[in-house]
Amino acid sequence: IHRLIHELCELGDDPYGWNTRLLEFITARIPDVRVAMACVIRSKNLDPASLEVPLSVTLSDNDVWDRYFNLGDVRDQPNTPWMMARLGTDFAVLRCDMVDDESWYASPFYSRVCVPGGWDDMMASQIGLASMDTIHGISFGRKQGLRFTRDELELVQAIHAELAYLWRKPEVVEIDSLPRR
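Since the structure is predicted, the reported quantities are computational estimates derived from the model, not experimental observations.

Let us look at the packing of aromatic side chains. The full count for this structure, using the stated rule, is 11 aromatic pairs. Considering the side-chain rings of W65 and F109, the 6.4 Å spacing of their centres and the 90 degrees angle between planes classify their relative orientation as edge-to-face. Of this pair, W65 sits in helix α3 (residues 64-69) while F109 is found in helix α7 (residues 108-117), placing the two residues 44 residues apart along the sequence. Three or more aromatic residues joined by ring pairs make a cluster, and in this case those are W65, Y68, F69, W104, Y105, F109, Y110 and W119. Above the ring of W82, the side-chain terminus of R86 is found at 3.9 Å from the ring centroid.

See below:
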């Protein structure tokens, strides 16, 4: 993890570059990920019907997630109420801890986005940075029929915690960059 953080800091002035590398690192260690996303969301006056997302990086073999997310309306995701209740806080969570299977699989979101995208289970991690009025989030969707494990979630959480430590240093003023090592 520390080698990755060093590498990301070397790409510090290129937010697309270091967010892409972050996702590549994680997906190389967690098999069968169909979609991976890193994003920055402005947390001031946050509305799930119209998210302000100044930065978004997606790794996927299709564009289903991008087309959905670029609309900026996440109200139909069954996990949105859980996440909205915790926005601005730090968390890492498996889908099963946000919404039960029955609600997930019966949702229009699942049939409209997950099924055509070829993914099923998800996990997410969020870092709230109140001093910057931003949230950095990373999320992953796994191939149909497979579940993420607590160990995989802990890996994502550990990496995100290291980034949070850097962003919360007094000299950091923007989430778009990481301090050089």
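Once that is clear, we can look at the pattern of salt bridges. Applying the stated criterion across every chain yields a total of 11 salt bridges. Residues R112 and D76 are paired through a salt bridge, measuring 2.6 Å at the closest nitrogen-oxygen approach. Note that R112 is positioned in helix α7 and D76 in the loop between α3 and α4 (80-85), a separation of 36 residues in sequence. Two residues, R147 and D101, come together in a salt bridge whose shortest N-O distance is 3.0 Å. Here the residue R147 occupies a position in the loop between β5 (134-143) and α8 (150-167), and D101 occupies one in helix α6 (residues 101-106), the gap between them amounting to 46 residues. Residue classification places R147 among the partly exposed residues on the basis of a relative accessible area of 38%. With relative accessibility at 33%, the residue D101 sits in the partly exposed group. Via salt bridges that share partners, R95, D101, D121 and R147 belong to a single interconnected network.

On to the sheet that holds β5. With antiparallel pairing, 5 strands are arranged side by side in an open sheet as β2-β1-β5-β4-β3. Of all strands in the sheet, those with a lone pairing partner are β2 (55-60) and β3 (91-94), marking the two edges. Across the sheet, the mean angle from the axis of one strand to that of its neighbour is 10 degrees, orientation sign disregarded. Pairing between strand β1 (residues 33-42) and β2: 6 bridges, direction antiparallel. Pairing of C39 across the sheet is with S56, part of β2. In the packing of helix α2 (residues 15-29) onto the sheet, the strands contacted are β1, β2 and β5, and the crossing angle to β2 comes to about 35 degrees. Packing against the sheet, α8 makes contact with β3, β4 (119-129) and β5, and its axis sits at approximately 25 degrees to β4.

Because each turn of an α-helix spans 3.6 residues, side chains separated by three or four positions in sequence point in the same direction. With 18 residues, α8 extends 25 Å between its outermost C-alpha atoms, agreeing within 8% with the 26 Å of an ideal straight helix rising 1.5 Å per residue. Of the positions making up α8, those classed as buried are E152, L153, V156, I159, H160, L163, A164, L166 and W167. Relative to the axis of α8, the buried residues are bounded by an arc of 155 degrees and lie together on one face. Facing away from the buried surface of α8 by more than 90 degrees, the exposed residues are D151 and Y165. Buried-residue contacts for α8 involve α1 (2-10), α2, β3, β4 and β5.

Before going further, it helps to examine the environment of D121. Tracing the sequence through the fold places D121 in strand β4. A relative accessible area of 3% means that D121 is categorised as buried. Put simply, D121 and L146 are 25 residues apart on the chain and 6.7 Å apart in space, counted from C-alpha to C-alpha. In this structure, D121 is in contact with R95, F140, G141, R142, L146, R147 and F148, ignoring residues within four places of it in sequence. Among the polar contacts made by the side chain of D121, one reaches the main-chain amide nitrogen of F148 at a distance of 2.8 Å.

Its place among the elements puts S107 in the loop between α6 and α7. Polar contacts involving the side chain of S107 include one to the main-chain amide nitrogen of Y110, which spans 3.1 Å.

Criteria and thresholds
- Residue numbers run consecutively from 1 along every chain, following the written order of its sequence.
- pLDDT decides what is reported in this predicted model: residues at 70 or higher carry local features, side-chain atom pairs at 80 or more are listed and counted, and totals for whole chains, interfaces and linings draw on all residues regardless.
- Hydrogens are left out, water is left out, and the side-chain values use all remaining heavy atoms of the structure.
- Each aromatic pair joins two rings of Phe, Tyr and Trp (for Trp, the six-membered one) with centres within 6.5 Å, and gets the label stacked for planes under 30 degrees apart, edge-to-face for over 60, and tilted for any other angle.
- Labels follow the DSSP assignment, with helices taken as runs of H or I lasting at least four residues and strands as runs of E lasting at least two, numbered in each case from the N terminus.
- Note on criteria: charge over ring means Lys NZ or Arg CZ within 6 Å of the ring centre, with the direction from the centre no more than 35 degrees off the ring normal.
- In the sections that follow, a salt bridge refers to a side-chain nitrogen of Lys or Arg positioned within 4 Å of a carboxyl oxygen of Asp or Glu.
- Accessible area is worked out with a 1.4 Å probe on protein chains only. A residue is then buried under 20% of its type maximum, exposed over 50%, and partly exposed in between.
- Any two strands with at least two DSSP-identified bridges between them are counted as paired.
- Axis lines are fitted to C-alpha atoms, over the contacting stretch for helices. Their N-to-C directions set the angle, which ranges from 0 to 180 degrees.
- Residue contacts follow a heavy-atom distance rule, with two residues in contact if any of their heavy atoms lie within 4.5 Å.
- For a helix, the expected span equals 1.5 Å multiplied by the residue count minus one.
- This arc corresponds to the set of directions leading from the helix axis out to the C-beta atoms.
- Distance and chemistry together define a polar contact, namely a pair of N or O atoms within 3.5 Å, with one atom able to donate a hydrogen and the other to accept it when in protein, and with adjacent residues in sequence counting only for side-chain atoms on both sides.

Fair warning: the whole summary comes from geometry, so function is off the table for now.
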